[in-house]
Amino acid sequence: MSFRVTVGKGSCGIAAGAGKLSDALAPLLEGTGIPLGTVGCIGMCWLEPIVDIYETGLLKARLVQVQPEQAPMIAQAVKTGDFSVIEPLRITKEDSAFLTQQTRIALRNCGIIDPESIDSALESGGYQALGKILSGGMSPEEVIECIKVSGLAGRGGAGYPTWSKWNAERQFAGEEKRLICNADEGDPGAFTDRAVIESDPHTLIEGMLIGAYAIGAQEAIVYVRAEYPLAIRRLEYAIREARQKGYIGSHIMGSSFSCEFRIRAGAGAFVCGGETALIESLQEKRGMPRLKPPFPAESDCRNKPSNINNVETFANVAWIINNGGEAFAAIGTEDSKGTKVFALTGKIRRGGLVEIPMGMTLRQVIFDLGGGIRDGGTFKAVQMGGPSGGCIPESLLDTIIDCKTLAAAGAVMGSGSMVVMDDSTCMVGMAKYFLDFTAKETCGKCVRCRIGTKHMQEILTRIVSGEGREGDIALLEELCNAVRDSALCVLGQTAPNPVRSTLRYFRDEFEAHIAEKRCPAHTCTGLLHYRIRPEKCRGCTACARNCPVYAISGVVKGPHEIDPSSCIRCGQCMASCKFGAVTVD
Amino acid sequence: MQCQCAANGSDLSLLEPVLAEYADIRGSLTTVLQHAQEIYGYLPYDVICHITEKTGLTPARVLGAATFYSQFRSQPTGKYLIMLCDGTACHVNGSARIAAAVQEYLHVENGGTTEDGLFSFSIVACLGCCSLSPVMTINEETYGALTPAKVLEILKDIRAKEAAK
C-alpha cells in the first residue's frame with residue numbers, strides 16, 4: 001500500500017476550513033511515510049473541505065465536508081488500509097456526477113496537482129508543449145496556425161479569435177513587444193481565473209510562453225486583481241520555480257527564445273478589465289480607457305505594442321498544442337469551439353466551477369450539473385456575464401451555450417459567471433444592483449457613461465422605493481440606447497445590458513413596481529405591506545415585543561394590528577410569529 | 001516639490017527599502033503605493049508627498065492614482081477590517097441582511113470605523129468565494145455561509161477577546 005493524502009486548498013477550501021484540517025492531519029501522518037499534499041480547487045465548492053486519498057496514483061476515496069475533528073479517522077484509515085471508518089465521509093454518487101459530466105481542458109489539472117510544486121506540474125505533462133515547440137517542432141507561424149485550426153476564441157468576454165490577435169501582433173515589426181494576461185477578474189460573481197491561477201499556475205505560464213513565442217514578445221505580464229492574494233502568492237512562487245528550471249528567462253530550454261515574466265497587482269478598478277484602461281494602469285496612471293485605434297497591438301508614441309488575452313484562454317493553449325487544433329475544434333458547436341468554464345453560484349444546490357463543452361444547454365448545466373434550485377425554490381432566471389451581461393428566463397432554459405445563441409437571447413458568455421436566481425429574487429432589484437455597481441465603477445472620463453449610468457441608477461432606485469413614475473420604463477430604454485451607442489469603452493457600452501435584458505423578460509415586474517407599487521418577489525422593502533390576520537393571531541404579543549418601533553398594538557390574547565404609518569418593514573414580526581399570522585404583500 | 005502639507009508624523013524611513021527597489025522603475029507607482037499601504041495601513045498625506053519627491057512624479061500623478069483605485073485608503077482603519085462581499089452571488093443570497101446586522105451591532109456606516117477604533121466596515125465587490133456566499137473577511141480570515149446570527153457571534157467573540165487583553 002502506498003497512499004497519498006491531499007487536501008484541496010483553494011481560497012474557497014481555505015475559507016471552509018481546509019487550513020485547519022490540514023494542520024490537524026499533518027502531525028497524525030508524520031513519520032508514517034504517507035505524504036500529505038496540497039492541491040488547488042477541484043471546483044466542487046459546496047463540498048469543501050475536500051480530502052482525496054490516492055493509492056499508487058489512483059484516486060481511492062474522495063471525502064467531503066471534512067472537519068478537523070475527523071482527521072484521526074482519516075489517519076487511521078490510511079495507516080490500516082481499512083476504509084470502513086471513513087465511508088460516511090465519502091462523496092455520494094450523485095455529487096460525483098458533477099465532475100463526470102464535465103469536459104475539463106482549462107481545468108484539467110485543477111484539484112489534482114500541487115500548485116506549489118513544479119515537479120507536480122511536470123509529472124502531469126507541464127511544459128511538454130513548450131518543449132515540443134522550442135526543440136524546433138513548430139515555428140511561430142505554425143503555432144498560430146494550430147490555434148487557428150482549434151477555433152479558440154478569447155474567454156474574457158469578447159470572444160475574439162485568439163489566432164487573429166496573435167497574428168496581428170506578429171505582423172508588427174517592433175522589437176519590444178509584450179504579452180499581457182488579463183487576470184483582473186472584476187465581474188462580481190466570477191472566480192474562474194482565480195481558481196486556475198491558484199490551482200494550476202504552470203499551465204497559465206506555459207500558455208503565456210507559447211503565446212509570447214508566437215507573437216515574438218520578450219516580456220510577459222500578468223495583471224492580477226489585488227483582491228486575490230493567494231493567487232498572486234502561488235503565481236509568484238511558480239514563476240520563481242519555472243525560472244530556476246530554465247522555463248523563464250533567457251534562452252529558454254536551450255533555444256534562442258527568451259522571455260521575462262512579472263506580475264502586476266491591480267488595485268481595484270473594474271474598468272481596468274478593458275484593454276486600453278489596463279494598459280494605462282500599467283503605466284502608473286489612472287486606469288481610464290482611451291479611444292481605439294491605435295489598438296493595443298499597434299505601437300504608439302507612448303506604449304509598446306501589447307497583446308492581451310485572458311487567463312482561461314491561455315490555460316487552453318498547451319493542451320491544444322499537445323493534442324492538435326483539430327481535437328479542440330471537435331468539441332463544441334459550429335460557432336464556438338472547445339469548452340468554457342463557468343462559475344455556477346447563487347440559489348443553486350451544487351455551486352462551484354464547471355467546465356463544459358460549448359453547445360450544452362443552460363438547463364443541463366443548472367439542473368443536471370448544478371442539481372437545480374436549493375432550499376426548494378423555483379427557478380426564475382440565470383444571470384450571465386455580470387454587469388456586462390443579461391439574464392435568461394425559465395422559458396429559454398433550453399438555449400445552448402455558444403456565443404451567438406447567447407447573444408441573441410440577450411446574455412453573454414462573458415467572464416463565465418452564472419448566477420442562478422429563484423422566485424425570491426426581485427429582477428428590478430437585480431437591475432438596480434448592477435447599475436449601482438457600474439455607476440460606482442465608471443471612471444468618469446466620458447459623459448454618457450458617467451451621467452447616463454447615474455441617471456439609470458436614480459430611476460431604478462425610485463422604482464424599487466415605490467416612487468416609480470409613469471414613463472420611467474420608456475426613459476430607461478432611451479438611456480440604455482444612448483449609453484450603449486456612445487460610451488467610450490466596453491464598460492459603458494455594456495452597462496445597460498442588465499437593464500435591457502430584465503426589461504425584455506420581466507417587464508411585468510417593472511410595471512408592478514411602478515403602477516401597483518408592489519414587488520412580486522417581496523424583497524423591495526419600500527413596497528412591502530405587513531399585515532396580521534386576525535383569525536390566526538392568538539394574541540401572544542411576541543410580534544409587539546419584537547417590533548423595534550412599537551408599531552404593533554393589541555391586548556394579550558386579543559388580535560394585534562400593525563400601524564402601517566410607523567412600520568419600518570423590518571420583518572421582525574413575521575420572524576417572531578409562531579402561528580403564521582403575519583403576512584406580507 | 002516642497003511639500004506644504006501638515007505632516008502626519010509618519011515614519012518615512014519605513015518606506016526606504018520600497019523606494020530603493022522601485023523608485024527608478026517606470027510603471028511601478030501602483031506597486032509602491034500598495035507597499036506603502038501595507039506598511040502604514042493607509043496612505044497618509046505626508047507619505048504621498050514623500051513618494052512624489054522620491055519618484056520625481058508629479059503630485060497630480062501620484063494623488064491621481066491614489067484616489068482612483070478603490071484599494072487605496074486615505075484614512076486609517078480599525079484593528080479589524082471587515083470586508084463584506086456584495087458580489088452578485090452574495091447579493092442574491094442575502095448580503096444585505098448581513099450588512100444590516102453588522103451595522104446595527106457595531107453602529108458603523110459602510111466605509112466607517114467604530115469609535116473605539118476596533119472595527120472598520122467596508123462593503124466590497126466580489127471576494128471570489130461565491131460558492132460560500134454570503135462571505136466576509138476580517139483581516140486575513142474568511143467567513144462563509146453567513147447568517148445574521150453567525151456574524152454577531154463572530155463579532156462578539158472578537159470583542160470579548162479584545163476586552164480580555
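Please read these numbers as outputs of a predicted model, since none were measured by experiment.

## Side note on the overall build of chain B
Right, on to step 1. When helices and strands are tallied, chain B shows 7 helices and 4 strands.
Right, on to step 2. When the helices and strands of chain B are placed in sequence order, the string is α-α-α-α-β-α-α-β-β-β-α.
Right, on to step 3. With the principal axes as the frame, chain B shows a C-alpha extent of 50 × 35 × 25 Å.
Right, on to step 4. Every one of the 165 residues in chain B was classed for burial, and the buried ones make up 50%.
Right, on to step 5. Contacts in chain B between residues at least 24 apart in sequence constitute 64% of all its contacts with a sequence separation of at least 6.
Right, on to step 6. Of the roughly 8,000 Å² of accessible surface on chain B, 52% is carried by carbon and sulfur atoms.
Right, on to step 7. Charge centroids of chain B, computed over 11 positive and 17 negative side chains, lie 4 Å from each other.

## What to know about the sheet that holds strand β1 (residues 3-8) of chain A
The pairing of strands in a sheet comes from backbone hydrogen bonds and takes either a parallel or an antiparallel form.
Residues and elements named next belong to chain A.
Right, on to step 1. Taken together, the 4 strands give an open sheet; going across it, the order is β2-β1-β3-β4, and neighbouring strands pair in mixed fashion. Of all strands in the sheet, those bounded by a partner on one side alone are β2 (36-39) and β4 (58-63). The mean angle between the axes of side-by-side strands here comes to 30°, regardless of whether they run parallel or antiparallel.
Right, on to step 2. Direction of pairing for strand β3 (residues 51-55) relative to β4: antiparallel, over a ladder of 5 bridges. Opposite V51, over in β4, you have L63 as the bridge partner.
Right, on to step 3. The strands touched by helix α3 (residues 71-80) within the sheet are β1, β3 and β4, with β3 carrying the most contacts at an inclination of about 5°.

## Focus: the pattern of salt bridges
Residues and elements named next belong to chain A.
Right, on to step 1. Counted by the stated rule, this structure contains 34 salt bridges over all chains.
Right, on to step 2. Ionic pairing is found between K340 and E312, a salt bridge with its closest N-O pair at 2.7 Å. Of this pair, K340 sits in strand β9 (residues 339-346) while E312 sits in helix α13 (residues 311-323), placing them 28 residues apart in sequence.
Right, on to step 3. Using a relative accessible area of 1% as the deciding quantity, one classes K340 as buried.

## A closer look at the packing of helix α17 (residues 427-441) of chain A against helix α22 (residues 507-515) of chain A
All names here are of chain A.
Right, on to step 1. For the pair α17 and α22, interaxial distance at closest approach is 8 Å and the crossing angle is 95°. Between α17 and α22, the crossing angle belongs to the class labelled roughly perpendicular. Residues M427, V428 and A431 of α17 pack against E509, F510 and H513 of α22.
Right, on to step 2. When grouped by side-chain class, the residues that make up the contact of α17 with α22 number 4 nonpolar, 1 polar and 1 charged.

## Regarding the domain arrangement of chain B
Right, on to step 1. For chain B, the assigned domains are domain 1 (12-68) and domain 2 (80-164).
Right, on to step 2. The gap between the C-alpha centroids of domain 1 of chain B and domain 2 of chain B is 30 Å.

## Some details on the pairing of strand β6 (residues 219-224) of chain A
Residue and element names in this part refer to chain A.
Right, on to step 1. With respect to burial, β6 is a largely interior element, 6 of its 6 residues being buried.
Right, on to step 2. Across the two faces of β6 the burial is the same, with E219, I221 and Y223 and A220, V222 and V224 all buried.
Right, on to step 3. Bridge count between strand β5 (residues 178-183) and β6: 6 bridges; the pairing is parallel. Across the sheet, residue N182 finds its bridge partner in β6, namely Y223.
Right, on to step 4. Of the strand pairs in this sheet, β6 and strand β7 (residues 260-265) are connected by 6 bridges, and their pairing is parallel. Looking at the pairing, I221 lines up with R262 of β7.
Right, on to step 5. Each parallel crossover has a hand, and for β6 linked through helix α11 (residues 229-244) to β7 it is right-handed.

## As for the sheet that holds strand β4 (residues 141-143) of chain B
Residues and elements named next belong to chain B.
Right, on to step 1. Spatially, β2-β1-β3-β4 is the arrangement adopted by the 4 strands of the open sheet, whose pairing is mixed. The open sheet has two edge strands with one neighbour each: β2 (119-124) and β4. Across the sheet, the axes of successive neighbouring strands diverge by a mean angle of 20°, strand direction being ignored.
Right, on to step 2. Summarising the sheet, strand β1 (residues 80-85) and strand β3 (residues 136-138) pair through 3 bridges and their orientation is antiparallel. Bridged to M83 within β3 is T137.

## Here's the deal with helix α19 (residues 472-486) of chain A
All names here are of chain A.
Right, on to step 1. Over its 15 residues, α19 runs 21 Å from end to end, which matches the ideal 21 Å to within 8%, given 1.5 Å per residue.
Right, on to step 2. Residues D472, I473, L476, L479, C480 and V483 constitute the buried set of α19. Buried residues of α19 fall within an arc of 120° about the axis and therefore sit on the same side. In α19, the exposed residues that point more than 90 degrees away from the buried face are E478 and D485.
Right, on to step 3. Where α19 is buried, its residues contact α18 (447-464), α20 (490-494), α21 (497-505) and α22.

## A short note on the layout of surface pockets
Residue and element names in this part refer to chain A.
Right, on to step 1. Space inside the second largest pocket adds up to approximately 1,300 Å³.
Right, on to step 2. Taken together, the elements giving at least two residues each to the lining of the second largest pocket come down to α8 (162-171), β5, α12 (275-282), β8 (306-310) and α20.
Right, on to step 3. Top contributing element to the lining of the second largest pocket by residue count: β8, with 5 residues.

## Quick word on the packing of α8 of chain A against helix α10 (residues 201-215) of chain A
Residues and elements named next belong to chain A.
Right, on to step 1. Where α8 meets α10, the axes come as close as 8 Å, and the angle between the chain directions of the two elements is 45°. When the interaxial angle is binned, α8 and α10 end up oblique. For the pair α8 and α10, the contacting residues are W166, E169 and R170 in the first and G211, Y213, A214 and I215 in the second.

## What about unusual backbone geometry?
Residues and elements named next belong to chain A.
Right, on to step 1. Cis geometry is found at the peptide bond from E48 to P49, where omega equals -10°.
Right, on to step 2. Structurally, P49 can be placed in the loop between β2 and β3.
Right, on to step 3. For the bond from K292 to P293, the omega torsion is -5°, close enough to zero to count as cis.
Right, on to step 4. Within the secondary structure, P293 sits in the loop between α12 and β8.

## Regarding the environment of S84 of chain A
Right, on to step 1. Structurally, the position occupied by S84 of chain A is in the loop between α3 and α4 (93-100).
Right, on to step 2. For S84 of chain A, the side chain forms a polar contact with the side chain of D82 of chain A, separated by 2.9 Å.

## Here we look at the interface of chain A and chain B
Right, on to step 1. With 45 residues of chain A at the contact, the number on the chain B side is 35 residues.
Right, on to step 2. When the two sides are added together, the surface that chain A and chain B hide from each other amounts to roughly 3,100 Å², 55% of it contributed by carbon and sulfur.
Right, on to step 3. Looking at the side of chain A facing chain B, the largest losses of area belong to A267, E284 and R286 of chain A, adding up to 23% of the total buried there.
Right, on to step 4. Here chain A is connected to chain B by 2 salt bridges.
Right, on to step 5. Between E284 of chain A and R61 of chain B there is a salt bridge; the shortest N-O distance is 3.9 Å.
Right, on to step 6. Counting the contacts that link chain A with chain B gives 22 residue pairs in polar contact (both at pLDDT 80 or more).

## Here we look at the packing of aromatic side chains
Right, on to step 1. Summed over the entire model, instances satisfying the criterion amount to 11 aromatic pairs over all chains.
Right, on to step 2. A centroid spacing of 5.5 Å and a plane angle of 40° characterise the contact between F3 of chain A and F83 of chain A, whose relative ring orientation is tilted. In this pair, F3 of chain A is assigned in strand β1 and F83 of chain A in the loop between α3 and α4, connecting sequence segments 80 residues apart. Across the pair, exposure class does not vary: F3 of chain A and F83 of chain A are buried alike.
Right, on to step 3. What links up through ring pairs into an aromatic cluster is the set F68, Y69 and F72 of chain B.
Right, on to step 4. Between R4 of chain A and the ring centre of Y54 of chain A, over which it is positioned, the NZ or CZ distance is 4.8 Å.

Scoring rules and cut-offs
- Here the residue index of a chain counts from 1 through its sequence in written order.
- Whichever chain is written first becomes A and whichever ligand is written first becomes 1, with later ones labelled in order.
- Confidence filtering applies because this is a predicted model: local features only for residues at pLDDT of at least 70, side-chain atom pairs given and counted only at 80 or more, and all residues used for totals across whole chains, interfaces and linings.
- Only hydrogens and water are set aside; all other atoms, that is, all heavy atoms of the structure, feed into the side-chain values.
- The helix count covers DSSP runs of H or I at least four residues long, the strand count covers runs of E at least two residues long, and both are numbered beginning at the N terminus.
- In this scheme, a residue with accessible area under 20% of its type's maximum is buried, one over 50% is exposed, and one in between is partly exposed, where area comes from a 1.4 Å probe on protein chains only.
- Note on contacts: a residue pair qualifies if any of its non-hydrogen atoms lie within 4.5 Å across the two residues.
- Using the Shrake-Rupley algorithm and a 1.4 Å probe, accessible areas are obtained, with residue cover drawn only from the displayed protein chains.
- His is not counted, nor are the chain ends; Lys and Arg add positive charge and Asp and Glu add negative charge.
- For this purpose, a charge sits on NZ of Lys, CZ of Arg, CG of Asp or CD of Glu.
- When DSSP locates at least two bridges between a pair of strands, those strands are taken to pair.
- To obtain an axis, a line is fitted to C-alpha atoms, over the contacting stretch when the element is a helix, and the angle between two such axes runs from 0 to 180 degrees between their N-to-C directions.
- Every case where a carboxyl oxygen of Asp or Glu lies within 4 Å of a side-chain nitrogen of Lys or Arg is listed as a salt bridge.
- Convention used here: angles under 35 degrees read as roughly parallel, angles over 145 as roughly antiparallel, angles from 65 to 115 as roughly perpendicular, and any remaining angle as oblique.
- Classes in brief: Ala, Val, Leu, Ile, Met, Phe, Trp, Tyr, Cys and Pro nonpolar; Asp, Glu, Lys and Arg charged; the others, Gly included, polar.
- Marked domain ranges trace back to an automatic or database domain assignment.
- The definition of a right-handed crossover adopted here requires that, viewed with the strands pointing away, the path from the first strand over the helix to the second runs clockwise.
- Between the first and last residue of a helix there are one fewer steps than residues, each counted as 1.5 Å, and that sum is the expected span.
- When we speak of the arc, we mean the arc of directions from the helix axis to the C-beta atoms.
- A pocket, in this scheme, is an open set of points on a 1 Å grid over the protein atoms alone with protein on both sides within 12 Å along at least 5 of 7 lines, while a cavity is a set where a 1.4 Å probe fits but cannot get out; residues line either one if an atom lies within 4 Å of a point.
- Grid points are joined across faces, edges and corners, and a volume is the space filled by probe spheres set on the points.
- In the analysis that follows, any N or O atom pair within 3.5 Å is treated as a polar contact, provided that within protein one partner can donate a hydrogen and the other can accept it, and provided that, for residues neighboring in sequence, both atoms belong to side chains.
- The term buried area denotes the loss of accessible surface (1.4 Å probe radius) that occurs when two parts are joined, taken as the sum for both partners.
- Between 30 and 60 degrees the pair is tilted, below 30 it is stacked and above 60 it is edge-to-face, where a pair is any two Phe, Tyr or Trp rings, Trp via its six-membered ring, whose centres lie within 6.5 Å.
- Two conditions define a charge located above a ring, namely a distance within 6 Å from the ring centre to NZ of Lys or CZ of Arg, and an angle within 35 degrees of the ring normal.

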